[in-house]
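A structural walkthrough
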Amino acid sequence: MTTLLTVDSLSKSFRGVHAIRDASFDVTAGKVHGIIGPNGAGKTTLFNLISGLLEPSSGKVSLNGKDISALPSYARTRLGMARTFQNIRLFSEMTVIENVLTGMHIQLSTPVWRTLIPFAGAEERQAKAKAMDLLELVGLADKALTRSASLAYGEQRRLEIARALASDPKILLLDEPAAGMNPLETQDLAVLLKKLNERGITLLLVEHDMRFVMDLCDQITVLNFGKVIAEGEPAAIRSNSAVIEAYLGPKVAERLLKEASA
Ligand SMILES: Nc1ncnc2c1ncn2[C@@H]1O[C@H](COP(=O)(O)OP(=O)(O)OP(=O)(O)O)[C@@H](O)[C@H]1O
């Protein structure tokens, strides 16, 4: 098993608030890795450190064995890392396909608008074809020319994923991808994420929907007050007493156990 991402003794303080404290874990290539923990445990801060939106107070992040701690986000994207955000960040006035094309700009030598005019050159046509393939993959091909603001909530979340995929990531970070989704949308999302993983994309996700996490993840890291308090496969995590005490609570743990043995 190859390690794709390493978080090594990472810490981050905000003026006295220790959001992440000496966190270390590895993400194996080809796996689905979950980060869970109570509100304020430091999950989003950890994502921001991994993706380069924040600088660590100490510690490092490595991708494929290369220390990327000092690199800005766009350089991490070039090395194969993409992410989505807890609050959807689409260009709401742009169409669906235009949003996907913006995710490709780092690979395109021509501006996005050039891809939108008829009779565009070969590079532009390829970009459009790739964007359409991604929209097909996430189930939004028929909405390519719709203004993204008019998509349903679950569709907007899937569009964000398509845009992140446009940079051909090896690892995709998803911050609460199922947040605000209804049960059907959540099910569809799980199917999509499994499909991406089968295509070889490693997934690192933060999520509060425990059924979703337990179903999807191969490995789970649990944070509490910025510290890693447990790590393991879903079966070990749902019966871990420290995790039950800090986060799951006995009722949820019991329900998860029943669902797993049903
Ligand atoms: N920019 C900031 N300035 C000051 N404190 C911050 C900042 N960002 C996060 N924090 C603090 O760091 C801690 C961790 O916050 P973070 O948002 O990472 O937690 P979380 O696990 O993602 O929570 P949630 O599940 O609610 O999204 C919290 O105490 C938060 O108030």
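Residues numbered from 1 in each chain as written. Predicted model: local features only at pLDDT ≥ 70, side-chain atom pairs only at ≥ 80, totals over all residues. Heavy atoms only, no water.

Turning our attention to the confidence of the model for the protein. Scored by pLDDT, the protein has a mean of 91; 94% of the residues are at 70 or more. We note a pTM of 0.91 for the whole complex and an ipTM of 0.95 for its interfaces. (pLDDT = per-residue confidence, 0-100.)

The next point concerns the site of the ligand. What surrounds the ligand is a group of 14 residues, the closest being G40, G42, K43, T44 and T45. Within the side chain of K43, a nitrogen or oxygen atom sits 2.7 Å from an oxygen atom of the ligand. In this structure, an oxygen atom belonging to the ligand sits 2.8 Å away from a main-chain N or O atom of T44. Protein contacts shield 62% of the accessible area of the ligand, which totals 630 Å² for the unbound molecule. When residues of the shell around the ligand are traced back to their parent elements, those giving at least two are β2 (17-28) and α1 (43-51). Per-element accounting of the shell around the ligand gives the leading share, three residues, to α1. Of the residues in the shell around the ligand, the class split is five nonpolar, seven polar and two charged. (Near = heavy atom within 4 Å. Polar contact = N/O pair within 3.5 Å; in protein donor to acceptor, adjacent residues only side chain to side chain. Areas by Shrake-Rupley, 256 points an atom, 1.4 Å probe, with all protein chains shown as cover. Helix = DSSP H or I, 4+ residues; strand = E, 2+ residues; numbered from the N terminus. Nonpolar A, V, L, I, M, F, W, Y, C, P; charged D, E, K, R; others polar.)

Once that is clear, we can look at helix α5 (residues 153-165). Under the 1.5 Å per step criterion, the end-to-end length of α5 is 19 Å for 13 residues, consistent within 8% with the ideal 18 Å. Counting buried positions over the 13 residues of α5 gives twelve, a clear majority of the element. Within the span of α5, buried status applies to G154, E155, Q156, R157, R158, L159, E160, I161, A162, R163, A164 and L165. Those residues of α5 hidden inside the fold are in contact with β6 (81-84), α3 (96-102), α4 (122-138), β7 (171-175) and α6 (183-198). (Expected span 1.5 Å × (residues − 1). Buried < 20%, exposed > 50% of the residue type's maximum accessible area, 1.4 Å probe, protein only. Contact = heavy atoms within 4.5 Å.)

What follows is about helix α9 (residues 241-261). Taking 1.5 Å per residue, 21 residues should reach 30 Å; α9 reaches only 19 Å between its end C-alpha atoms and comes up short. Its axis deflected by about 105° at L248, α9 carries its strongest bend there, up to four residues before the proline P250. Inspection of α9 places V243, Y247, L248, G249, A253 and L256 among the buried residues, and these make up the whole buried set. Here the buried face of α9 lies against β3 (32-36), α7 (210-216), β9 (219-224), β10 (227-232) and α8 (234-238). The residue sitting at the N-terminus of α9 and contributing the capping side-chain oxygen is N240; that oxygen lies 2.9 Å from the backbone nitrogen of A242. (Bend = angle between axes of the 7 residues up to and from the residue.)

Below, the discussion takes up the layout of surface pockets. Over the atoms rolls a probe the size of a water molecule, and its path tells where empty space is left. Size it by volume and the second largest pocket reaches roughly 220 Å³. Along its surface, the second largest pocket is lined by P183, T186, Q187, A190, K194, D209, R211, F212 and D215. Those elements that place two or more of their residues in the lining of the second largest pocket are α6 and α7. A total of five residues in the lining of the second largest pocket trace back to one element, the largest contributor, which is α6. When its residues are assigned to classes, the lining of the second largest pocket shows three nonpolar, two polar and four charged. (1 Å grid on protein atoms, 1.4 Å probe; cavity = no way out; pocket = protein on both sides within 12 Å on 5 of 7 lines; lining within 4 Å. Points joined across faces, edges and corners; volume = space filled by probe spheres on them.)

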